[in-house]
Protein chains: 4
Amino acid sequence: MRAAVIGGTGYGAIELVRLIKKHPFLEVGSVVSNSQAGFSFNDIYPHLSNVVVQPLETFNTERLSEENDIVFFATPSGVSSKLVPKILEKEKKCVDLSGDFRLKKSEEYESWYKHSPVDEKYLNQATYGLSEINTIEIKNASFIANPGCYPTAATLGLIPILKSNLAVIDSIIIDAKSGVSGAGRGLSLTSHYAEINENLKAYKLGAHQHIPEIEQVLSDESGTPITITFTTHLVPMTRGIMCTMYVNLKEKISTKKVFDLYKQFYQESYFIRVRPEGNIPSTKEVLGSNFCDIGLHVDERTNRLTIISVIDNLVKGAAGQAIQNVNIMNGWDERTGLTDIPMYP
Amino acid sequence: MRAAVIGGTGYGAIELVRLIKKHPFLEVGSVVSNSQAGFSFNDIYPHLSNVVVQPLETFNTERLSEENDIVFFATPSGVSSKLVPKILEKEKKCVDLSGDFRLKKSEEYESWYKHSPVDEKYLNQATYGLSEINTIEIKNASFIANPGCYPTAATLGLIPILKSNLAVIDSIIIDAKSGVSGAGRGLSLTSHYAEINENLKAYKLGAHQHIPEIEQVLSDESGTPITITFTTHLVPMTRGIMCTMYVNLKEKISTKKVFDLYKQFYQESYFIRVRPEGNIPSTKEVLGSNFCDIGLHVDERTNRLTIISVIDNLVKGAAGQAIQNVNIMNGWDERTGLTDIPMYP
Amino acid sequence: MRAAVIGGTGYGAIELVRLIKKHPFLEVGSVVSNSQAGFSFNDIYPHLSNVVVQPLETFNTERLSEENDIVFFATPSGVSSKLVPKILEKEKKCVDLSGDFRLKKSEEYESWYKHSPVDEKYLNQATYGLSEINTIEIKNASFIANPGCYPTAATLGLIPILKSNLAVIDSIIIDAKSGVSGAGRGLSLTSHYAEINENLKAYKLGAHQHIPEIEQVLSDESGTPITITFTTHLVPMTRGIMCTMYVNLKEKISTKKVFDLYKQFYQESYFIRVRPEGNIPSTKEVLGSNFCDIGLHVDERTNRLTIISVIDNLVKGAAGQAIQNVNIMNGWDERTGLTDIPMYP
Amino acid sequence: MRAAVIGGTGYGAIELVRLIKKHPFLEVGSVVSNSQAGFSFNDIYPHLSNVVVQPLETFNTERLSEENDIVFFATPSGVSSKLVPKILEKEKKCVDLSGDFRLKKSEEYESWYKHSPVDEKYLNQATYGLSEINTIEIKNASFIANPGCYPTAATLGLIPILKSNLAVIDSIIIDAKSGVSGAGRGLSLTSHYAEINENLKAYKLGAHQHIPEIEQVLSDESGTPITITFTTHLVPMTRGIMCTMYVNLKEKISTKKVFDLYKQFYQESYFIRVRPEGNIPSTKEVLGSNFCDIGLHVDERTNRLTIISVIDNLVKGAAGQAIQNVNIMNGWDERTGLTDIPMYP
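Residues numbered from 1 in each chain as written. Chains lettered and ligands numbered in written order. Predicted model: local features only at pLDDT ≥ 70, side-chain atom pairs only at ≥ 80, totals over all residues. Heavy atoms only, no water.

Things to note about the overall build of chain A
Thinking step 1. In terms of regular secondary structure, chain A is built from 12 helices and 13 strands.
Thinking step 2. Computed over its C-alpha atoms, the radius of gyration of chain A comes to 20 Å, within 12% of the 20 Å expected for a compact globule of 345 residues.
Thinking step 3. Projected onto the principal axes, the alpha-carbon positions of chain A cover approximately 60 × 45 × 40 Å.
Thinking step 4. Every one of the 345 residues in chain A was classed for burial, and the buried ones make up 68%.
Thinking step 5. Taking the intrachain contacts of chain A between residues at least 6 apart in sequence as the baseline, contacts between residues at least 24 apart amount to 70%.
Thinking step 6. For chain A, the exposed area adds up to about 11,000 Å²; of that, 47% sits on carbon and sulfur atoms.
Thinking step 7. Mean positive and mean negative side-chain charge positions of chain A (34 and 39 charges, respectively) differ by 3 Å. (Helix = DSSP H or I, 4+ residues; strand = E, 2+ residues; numbered from the N terminus. Rg over C-alpha atoms; globule rule 2.2 N^0.38 Å. Buried < 20%, exposed > 50% of the residue type's maximum accessible area, 1.4 Å probe, protein only. Contact = heavy atoms within 4.5 Å. Areas by Shrake-Rupley, 256 points an atom, 1.4 Å probe, with all protein chains shown as cover. Lys, Arg positive; Asp, Glu negative; His and termini not counted. Charge placed at Lys NZ, Arg CZ, Asp CG, Glu CD.)

See below:
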């Protein structure tokens, strides 16, 4: 299958290219970048010299749908809402890595993203693609709204305890930390080397656009409306997300029991590695891979559960999960093309 | 006044040397390192070439108390408990930067530090030295137990809201992040460059020895026993601590009101900079300085207060606060020798 | 084929494991670590949880040669000289990633490495494995002395100009820079995070053990004895080597002509990417891959050629080239299992 | 004396502010930033909250010269050439940290900087201010062209051997490495965090505008025209420059003898620390200070001298040397306000 990538010069797009190249059933098709069309890919990304040689194209609905079997959108907010419908009309499969089709309520999209929402007709066609949780829906989908990076790490860590009915529902706090690649390739002072190196910075307190997405998933999965506190930090490293999450427990329960519960919950999920008691994952332990590793600790003094969930924001938090979803959609083993060991050190 | 530094080759000690050199009323006296005695300081720290030239000495009570007016201990846990009493017997002023004299209850020290506690007779002579809070006691003290790095950042951020009676007392969560210099100069895999660079790591969940220290301060200041949840993370940078802290509020209150409360509380405190609404400090904004900067945000959706407090762990979190305490003890302006602007970028 | 890895907990060894797992014709066999025998691999390297699960073994000649088809040694200097002969006696294929079998003159080994040299009988069985240069010898070899990281980057960059007879032979200067993973996983102050982060450090001036190796290769290839000046620097990053090399030219020649010469020289070499004029590679552009990228610039004012050569020290500079050599030894396409795109950013 | 800073939001300017605040005889006067005029300094640089509180101003010749005793220009190339003359007409002292007045030959400025050169009348008033070398001229100057960062590190390292008549004059190679702050605060992909972190990059081969400046100084000091090869690299750290320099020697001479020669040459220069044999400086050993540390090594195999010179690019390479020059101009001890120990770690 030929896979097109729209938004070709961003970090999400080149990570898609990297993963598509490894995949036995996919090949890199059209790569679209309106701003850089006509240039060769390796002019902009010399690391791709001799490997990906086709020129960057403009977005052309006809050509795209003729020459490709599936289209990945790795575009900024507000772009895929306009472009995806054109591809859907051609009855091609799509995966959108942006936030445009994730929120079921248009007014929430408008209020958090400050863009006009997409037409309901197309919004309804989108299947939210948290691979381990929405597996059945994904199998039958032809258009995936791929989850955000923070929501992936946060919800995979929280869902088992929420479903267990052990959590105090209004106590959830997510203290999230991300490497700088999450801010993309667009220039800004907050991604300027001398500003962020040797620095730790909190940002968008109470205003991050991933808040409604996390709440939507947690509310759906737990069957009850959930409001969270969510704080994001920028860490001086390129890749990696860690969510440190705090949940009050309704009753006394040991770390070991919580571990068993998570282990059981994710027994079929190759990419979720629940760590045994005393073993807390760090971001580098998933670098470059599609794993989401989860550590657990019950503080008996406060009866509060701390959950630590780590992913590579560009893999499980973006391009890797997109490939995993394509695997599921096509009935392939979900691990196809995604079995690389994390790169360490 | 001549100031001796014990523990001469650790990071706390060389930071003390750096700050003593800037101080108009202090000069570097004896520098003690049992392991490196006889070597010149600049053999071990070439950055001090031509600047600090005396040889490192062994610990000799007589000579130390004869040749110095004040003695700083920047030694590992379990060392100053043995050495400080010898200096106290000589009626010399001391500042201990280790944790040996901070906890008022010996059994807590033993249980968290895994060392034998110090004799009560000496423990009672120690004044806990959180400069902005214990100012009066410090003025009259001759022996200071200098606060830990995390406790400094955490308690300075929490005390105003606790004293206001607006906080739900059992809801306090401290998500703390530190640069690697906090782990000291001793070799270990967790300070090995290739392991920690491009990595974010949580450690000692529910077991960090600063937990009882924070609880002791908060309980004393609020007049009620307080139990916290405290998580520590290692961030790939050399210096800096950030505490992101979560407190449920008893009633609705705006960020602006909380800001006013903090601003009022710290109106006399030069080194505490309370940031106005929407302005959240990052660690680099205090680098190399004795400032503690505090940002505030009330999430109206959950009525939870987020407090972000940053310090340089080696300055306000160690050597700088030690100098500030010496200033207060001696009746000097607390800012003496500490007015450097943060180094940026 | 089952591949054993000796020296199992070092960075060279885990990189071998990562690459063997990707290889279609190889599988991870015994992993030997005398110091950690009995532990499971993922106790020491949690990033390998659920992926590599066999326990670490002690070195047992019988079992190793029975259960494996090829043995990789990723051991410190002075170790494989003792162990490789045991495996050779069993007529198993070996690749040694250490320096023990690289230098043809025993006295040079002794003088630069400060270890006793290996018995000539075994030394003579070793084929030096610079894949692109020694391809024919490697095809017929059963025991490879895998090149050092610096020698790989340096000699691949210098050989074409030396063979062209355009270079002033006694003018070669190699200014080399390496990430910290090159120093291995052993603890030392020079790999201690707070010492090397935000620091640039030159080391072992005129004394690096890779000097005789580089001179041996260059002398062999050019047919004339060559003495170089070689300086190494430690750069605050985990992976990557850059050699900036200076060569006086015997006659005026343009950058374009030198480019043509290199392009021609490496026309069959997939892993060598010669960059066109004005395009200078950086280390990140080969991260995680087996590429060696080369940039060229003739300074017409001084008639001096500057060559910039970059590799990932753990891949093309160690484990990747070892796999490439195994591919060549076995008559497989040299790219087998090594086609991953560099990870960027 | 009141000191104005023009170019107020760049890194050179805030470093000037940091150093002026430490200086006993200087105070921060006007701070000019045309782009940010009207804003308070600490809106843009929160690390200056409560410390530097005056608003940023526009450039107004009258007001500037009335309210200030000395004017520092920390502006991009092509700006001070237009503004400095206005201040000189008012007979105020100036220090220009940009390259506009450094090159004595206008045509060289034009060819390397791609800007129109300044009027000769004003160019002739500029005294090149390499503090240790041009001390006498600086004493009598009222307008200083402050040296570039690379030229400072390079020429301080090379002048003693050139003056000794031991160097082969056409053999000089300077392999220079810089932290990213040298590229300033302007946004560009080469200062974008995810591009430069974990990366080492060579740039501007044979085309760096500091080449003619270095050649001018070396030619002047040695009394013979000198052409160099100069390569610059970007290192993933914020501050610091290292120049690794190679010079062929006319006769056999030991490292010890070269050390003696340098030690003698710089015996009066507090800020130049010549390191003894076997002791090579790293950039962190001068961080935040005005020191230039120099290490030396003669390779007896090639009779080539390697000189390693390190500075903090923003201090000795910019703002610190500017203050040192002001000290000399005013007849103060050159160390005034500059005695801080490097910050370590």
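Examining the packing of aromatic side chains
All names here are of chain C.
Thinking step 1. The full count for this structure, using the stated rule, is 46 aromatic pairs over all chains.
Thinking step 2. For the pair tyrosine 150 and phenylalanine 230, a centre-to-centre distance of 5.5 Å together with 80° between the ring planes defines the contact as edge-to-face. Note that tyrosine 150 is positioned in helix α8 (residues 149–163) and phenylalanine 230 in strand β9 (residues 229–234), a separation of 80 residues in sequence.
Thinking step 3. Judged by relative accessible area, tyrosine 150 falls into the buried class, the value being 2%. (Phe/Tyr/Trp six-rings, centres within 6.5 Å; stacked < 30°, edge-to-face > 60°.)

Looking at the interface of chain A and chain C
Thinking step 1. With 36 residues of chain A at the contact, the number on the chain C side is 36 residues.
Thinking step 2. Both sides together, the interface formed by chain A and chain C hides about 3,000 Å², and carbon and sulfur atoms give 63% of it.
Thinking step 3. At the boundary of chain A with chain C, the tally comes to two salt bridges.
Thinking step 4. Two residues, aspartate 340 of chain A and lysine 22 of chain C, come together in a salt bridge whose shortest N-O distance is 2.6 Å.
Thinking step 5. Taken together, the connections running from chain A to chain C amount to 10 residue pairs in polar contact (both at pLDDT 80 or more).
Thinking step 6. The element that contributes the greatest number of residues to the side of chain A that touches chain C is helix α1 (residues 11–22) of chain A, accounting for seven residues. (Buried area = accessible area lost by both parts, 1.4 Å probe. Salt bridge = Lys/Arg side-chain N within 4 Å of Asp/Glu carboxyl O. Polar contact = N/O pair within 3.5 Å; in protein donor to acceptor, adjacent residues only side chain to side chain.)

Details of the sheet that holds β9 of chain C
Residues and elements named next belong to chain C.
Thinking step 1. Judged by pairing direction, the sheet is mixed, and its seven strands sit side by side in the order β8-β9-β7-β10-β13-β12-β11 without closing on themselves. At either end of the open sheet lies a strand with only one pairing partner, and these are β8 (201–203) and β11 (272–274). On average, each strand axis in the sheet is inclined to that of its neighbour by 20°, with strand direction left out of account.
Thinking step 2. Bridge analysis of β8 against β9 gives three bridges, and the strand direction is antiparallel. Among the inter-strand pairings, alanine 202 is bridged to a residue of β9, identified as histidine 233.
Thinking step 3. Its contacts with the sheet put helix α11 (residues 255–265) on β11, β12 (292–299) and β13 (304–311), and the angle it makes with β12 is roughly 150°. (Pairing = 2+ DSSP bridges. Axes fitted to C-alpha atoms, helices over the stretch in contact; angles between N-to-C directions.)

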